[in-house]
Amino acid sequence: MSEIRVRMAPSPSGFLHVGTARTTIYNWLFARHNRGKFVLRIEDTDTARSSREMIDAILDGIKWLGLDWDEGPYYQSERTKLYQDYARKLLETKKAYYCFCSPQELEDKRKQVVAAKGEWKYDRVCYNLSDREKEERIETSIPKAVRLFVPEGETIFSDIVYRELKKENKDLDDLVILRSDGTPTYNFACVVDDVEMRISHVIRGNDHIANTFKQVLIYKALGIIPPHFAHIPLILAKDKSKLSKRHGATSIGEFKEEGFLPEALANYITLLGWSPKEDREMLTIDQMIELFTLEEVNPANPVFDKEKLEWMNGEYIRSYNNEDLLDLIIPFLKKENLINDDIVNQRRGWLIGFVVLLKERCKTLKEFAEKGKYFFSFNYQYDPSAVKKLFNSPAAAKMLRTFWESLYPIDEFKKEKIEEFLRIQADKMQIKPSVLIHLVRLATTGVTGGPPLFDILESLDKEEVIKRIQKAEEFCRDNS
RNA sequence: GUCCCUAUCGUCUAGUCUGGCCUAGGACACCGCCCUUUCACGGCGGCGACACGAGUUCAAAUCUCGUUGGGGACGCCA
């Protein structure tokens, strides 16, 4: 068997979308599984909609996911002459012909036909021109595009995911392969590049199935055996419509900002439409490479379920070692202005403690900054519904006062010691320890949930704890 | 409108190609219990699906046809 070569060919008219990301992963996994090559090609023939910024965003997204490429990126915009050579070949062999119709003319005709409830199809006026008429138009330099002549019959190809796909050629019309400005259209550039790059397997979204029939026709006209095709199902949003901006995060960059780990996202996305069987879900990249096959890709379109991605991300967070995890969290803490470089350099041990306390409670990296805000700042609000229940009486204020006063004598502010003192105070007040615990938790963190209280208090340290409880005592008094 | 694809719990899926092992398995979510100062994590349990209708067969989630639902494509965009 000849070398396995696949390619990903994003068009830089947007950021790296989850759908594109998954197609990239499938291509990459297939290449690695078969010890083949993965080529990156930027389809930027539409210069008006392409920008360097988008290209970089896409490249960064691919790298962030932990993927790489063996060749490229190639840029179609730099290969115009190549496409023209191929088009010339087709003109010479009469598999293609010049079309002098202006876009405006065609649009008018199309509108007319559609208005009369007819089926619009290019009417081949230019194909039917006499030789003299053709020469005349060429001489007067009327802009001319090149169209592929679609013969009668049917076009069939075998798809690795969808099995045999068939289409009557009469349902296709003579497609433009070279625009009047000399640039290639997508289908043509795609075929020429896949040929030139010796692509063995074309793996892309199933929204390209209709294009594939046209491309197969181009291969045939060129007298070249087409590559293998594998169309993969499209990712849908929760309401089963196409995944778009209004459904929340759809670009890889957004997931990064929300604190998702690349390996979690890659793992989850790979499982949309493919299963390793044996009820396995948590897969390392190496395991995915080993197990991935295109034949097992499910042909139906899956729905993107962010909740499951969050669960999976939590699994990855919990499996991380604390040191590495902290490094991943630091940017998020900085972004919220909770820490600065001094704290990172001088209090790393303390930060590790913070990570340990929150790691089982966060599904994303960003949540460390959200749920852990009170570790760094007194700038938090008391949860209103908790205030109603707990900070509602002079008695509560008194309990808080008794407790913070009792903290002064503790010289070693360690959790065991604090707990011991709290239990003694509760006993003296003739209340259950849990009552006091809840009060102190709300006072020192503003919320009712979170890591074990005594760990939090030790982490905050004595001065800070006393200050916070004093403030809560005041609040409590004003509130009752 | 025309053409193409698709259909197992709410969601991702195993099982479908090679009918019987399926009173349909797992995961997320949800609910309950246990652990526990709280929230989580973890453990245990529960809820929950073969879209519908014909046909083939001793036997159908699995094969065939139709219906319905969903998706996609119909550009001198990619």
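Shown above is the structure to which this text applies.
All values derive from a computational prediction rather than experimental measurement.

A. Fine view of the protein's contact with RNA strand B. Looking at RNA strand B, there are 61 residues lining it, with C101, R179, G273, E281 and E360 nearest. In RNA strand B, atoms within 4 Å of the protein come 74% from sugar and phosphate. Contact between RNA strand B and S275: a sugar or linking oxygen at 3.5 Å from a side-chain N or O atom of the residue. P452 has a polar backbone atom sitting 3.3 Å from a base oxygen of RNA strand B. Breaking the surface near RNA strand B down by element, the ones donating at least two residues are α4 (103–115), β7 (163–168), α7 (209–222), α11 (306–319), α20 (433–445) and α21 (453–460). For the surface near RNA strand B, the element with the most residues is α11, which contributes five residues. Class assignment of the residues belonging to the surface near RNA strand B gives a composition of 23 nonpolar, 15 polar and 23 charged.

B. View of the pattern of salt bridges. Scanning all chains against the criterion turns up 36 salt bridges. The closest approach of N and O atoms between R52 and D56, which form a salt bridge, is 3.0 Å. Of this pair, R52 and D56 are both found in helix α2 (residues 52–64), four residues apart, which corresponds to roughly one turn of the helix. Judged by relative accessible area, which is 46%, R52 ranks as partly exposed.

C. Broad picture of the nonpolar core. Grouped together as the largest cluster of nonpolar side chains are 142 residues, with contacts concentrated most on F188 and F391. Sequence-distant contacts of F188, defined by excluding residues within four places in its chain, comprise Y83, Y86, A87, L90, I177, L178 and I218. Within the second largest apolar cluster, eight residues are counted, among which are L106, Y122, C126 and L129.

Basis of the calculations
Residues numbered from 1 in each chain as written. Chains lettered and ligands numbered in written order. Predicted model: local features only at pLDDT ≥ 70, side-chain atom pairs only at ≥ 80, totals over all residues. Heavy atoms only, no water. Near = heavy atom within 4 Å. Polar contact = N/O pair within 3.5 Å; in protein donor to acceptor, adjacent residues only side chain to side chain. Helix = DSSP H or I, 4+ residues; strand = E, 2+ residues; numbered from the N terminus. Nonpolar A, V, L, I, M, F, W, Y, C, P; charged D, E, K, R; others polar. Salt bridge = Lys/Arg side-chain N within 4 Å of Asp/Glu carboxyl O. Buried < 20%, exposed > 50% of the residue type's maximum accessible area, 1.4 Å probe, protein only. Core = buried A, V, L, I, M, F, W, Y, C linked by side-chain atoms within 4.5 Å. Contact = heavy atoms within 4.5 Å.

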